[in-house]
Amino acid sequence: MADRDGLIWLDGEMVPWREAKVHVLTHTLHYGMGVFEGVRAYRTPRGPAIFRLEDHTRRLFNSAKILGMEIPFDPELISQAQIEVVRQNKLDSAYIRPMCFYGSESMGLHAQNLKVHCMVAAWPWGSYLGQEGLERGIRVKVSSFSRHHINVTMCRAKSNGSYMNSMLAVKDATACGYDEALLLDTEGYVAEGSGENVFIVHDGALYTPDLTSALDGITRRTIFAFAESFGIPVREKRITRDEVYIADEAFFTGTAAEVTPIREVDGRAIGSGSRGPITERLQQQYFDVVQGRDAGYDHWLSYV
Ligand SMILES: Cc1[nH+]cc(COP(=O)(O)O)c(CN[C@@H](CCC(=O)O)C(=O)O)c1O
């Protein structure tokens, strides 16, 4: 990722991609206390547009507040920086990564005078779990790693260090030949994917875990809005792994994952073992909206 042409926004300046570097004694590199967002810009008939930009920026600042990090820039500037990295890199669609981190001003858990630095990068990133996964559905393994305890990791914060748990789960799942992991919380209830929220469909209604140890996903909220407009009931509840096994449909949601059907969990086919009809309808609506084909949701698009 380091050796490419382009520009990255770093602490208020656009710098050449290859020069956007930090010192090896950067505090966040050692201790993982940082916050980030995953945002997407999509090609639309009116040019590139970032989906729910303000919601992502708001969550970035909330994440920092939860961790007690003070971002030294206004939210408006961070939102504008996301627009600029798409525009100045001449991208017509992109994955955008804002990230705020502690610098190399000092080391140790009791470090003083740490400065919060902010970067924003953007690059082309296609289907997170593969185009075939979007169409046919993916194979998922319930992870042997539990999702965070809510009083160990602050799960409303999208924090760098919390993703070691996600990577352990992904390595576990892919080593066993699966595409993605589904994590249970510390009480054994379904929480979320390694980088996604999860929904199941049963008798025409959507069910998704309460947020406790799952991230408050923006795509999750988007699906709530679509479901309401379609008259599909959505219920947040505790879900057990065997409820997933016998669901009619299941799917992941996330900025990177978009709406990815789940066709199998732990060797059990979910429903027909392929993308279900409600999943397909929500997925199609998602792409119509992010690609600017549904004027009813134009307020969610920030044109670059
Ligand atoms: C743990 C987790 N849960 C749910 C979500 C869905 O949130 P939202 O994007 O607001 O709908 C994400 C986003 N995962 C990001 C990071 C992926 C990565 O590999 O890095 C993303 O989708 O951009 C998570 O990381």
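Only a predicted model underlies this, so the values are computations on that prediction, with no experimental measurement involved.

### A closer look at the overall build of the chain
Link 1 in the chain: Tallying secondary structure elements over the chain gives eight helices and 17 strands in all.
Link 2 in the chain: Here the C-alpha radius of gyration of the chain, 19 Å, is about what a compact globule of 304 residues would show, namely 19 Å.
Link 3 in the chain: In terms of overall dimensions, the chain has C-alpha extents of about 55 × 45 × 30 Å along its principal axes.
Link 4 in the chain: Across the 304 residues that make up the chain, the buried fraction comes to 54%.
Link 5 in the chain: Of all intrachain contacts in the chain linking residues separated by at least 6 positions in sequence, the fraction that spans at least 24 positions is 70%.

### Considerations on the state of the cysteines
Link 1 in the chain: Considering all chains together, one arrives at zero disulfides under this definition.
Link 2 in the chain: Its sulfur unpaired, Cys100 is 3.2 Å from the next cysteine sulfur, which belongs to Cys118.

### Things to note about the domain arrangement of the chain
Link 1 in the chain: Per the domain assignment, the segments making up the chain are domain 1 (7-123) and domain 2 (131-290).
Link 2 in the chain: Put simply, the middle of domain 1 and the middle of domain 2, counted by C-alpha atoms, are 26 Å apart.
Link 3 in the chain: Taken together, the contact between domain 1 and domain 2 spans 21 residues of the former and 20 residues of the latter.
Link 4 in the chain: Joining domain 1 to domain 2, the criterion identifies one salt bridge.
Link 5 in the chain: Connecting domain 1 to domain 2 are eleven residue pairs in polar contact (both at pLDDT 80 or more).
Link 6 in the chain: Of all the elements in the fold, those that place two or more residues in the side of domain 1 that touches domain 2 are strand 3 (34-36), strand 4 (39-42), helix 2 (53-67) and strand 6 (94-102).
Link 7 in the chain: For the side of domain 1 that touches domain 2, the element with the most residues is helix 2, which contributes six residues.
Link 8 in the chain: When grouped by side-chain class, the residues that make up the side of domain 1 that touches domain 2 number nine nonpolar, seven polar and five charged.

### Describing the layout of surface pockets
Link 1 in the chain: Volume-wise, the second largest pocket comes out at about 260 Å³.
Link 2 in the chain: As for the second largest pocket, its lining consists of 15 residues, of which Tyr42, Ser93, Glu258, Phe287 and Gln291 are closest to the centre.
Link 3 in the chain: Listed by contribution, the elements that provide at least two residues to the lining of the second largest pocket are strand 4, strand 6 and helix 4 (131-136).
Link 4 in the chain: Broken down by element, the residue count for the lining of the second largest pocket peaks at three residues, all from strand 4.
Link 5 in the chain: Residue classes in the lining of the second largest pocket are distributed as seven nonpolar, five polar and three charged.

### Digging into the site of the ligand
Link 1 in the chain: With respect to spatial proximity, 21 residues lie near the ligand, and among them Tyr95, Tyr128, Tyr163, Glu192 and Thr219 are the closest.
Link 2 in the chain: Here an oxygen atom of the ligand and a side-chain polar atom of Lys158 are 3.1 Å apart.
Link 3 in the chain: Residue Gly195 places a main-chain N or O atom 3.1 Å away from a nitrogen atom belonging to the ligand.
Link 4 in the chain: Coverage of the ligand by the protein chains reaches 93% of its 550 Å² of free accessible surface.
Link 5 in the chain: When residues of the shell around the ligand are traced back to their parent elements, those giving at least two are strand 6, helix 6 (218-230) and strand 14 (249-254).
Link 6 in the chain: A breakdown of the residues in the shell around the ligand according to their chemical character gives six nonpolar, nine polar and six charged.
Link 7 in the chain: When residues of the shell around the ligand are assigned to domains, at least three fall in each of domain 1 (7-123) and domain 2 (131-290).

### Here we look at helix 5 (residues 163-175)
Link 1 in the chain: Taking 1.5 Å per residue, 13 residues should reach 18 Å; helix 5 reaches 18 Å between its end C-alpha atoms and fits that length.
Link 2 in the chain: Among the residues of helix 5, those classed as buried are Tyr163, Asn165, Ser166, Ala169, Asp172 and Ala173.
Link 3 in the chain: The inward-facing, buried residues of helix 5 contact strand 3, strand 8 (138-142) and strand 9 (180-184).
Link 4 in the chain: With its phi angle positive at about 90°, Gly177 sits one or two positions after the end of helix 5.

Reading the values: rules and limits
Residues numbered from 1 in each chain as written. Predicted model: local features only at pLDDT ≥ 70, side-chain atom pairs only at ≥ 80, totals over all residues. Heavy atoms only, no water. Helix = DSSP H or I, 4+ residues; strand = E, 2+ residues; numbered from the N terminus. Rg over C-alpha atoms; globule rule 2.2 N^0.38 Å. Buried < 20%, exposed > 50% of the residue type's maximum accessible area, 1.4 Å probe, protein only. Contact = heavy atoms within 4.5 Å. Disulfide = S-S within 2.5 Å. Domains from an automatic or database assignment. Salt bridge = Lys/Arg side-chain N within 4 Å of Asp/Glu carboxyl O. Polar contact = N/O pair within 3.5 Å; in protein donor to acceptor, adjacent residues only side chain to side chain. Nonpolar A, V, L, I, M, F, W, Y, C, P; charged D, E, K, R; others polar. 1 Å grid on protein atoms, 1.4 Å probe; cavity = no way out; pocket = protein on both sides within 12 Å on 5 of 7 lines; lining within 4 Å. Points joined across faces, edges and corners; volume = space filled by probe spheres on them. Near = heavy atom within 4 Å. Areas by Shrake-Rupley, 256 points an atom, 1.4 Å probe, with all protein chains shown as cover. Expected span 1.5 Å × (residues − 1).

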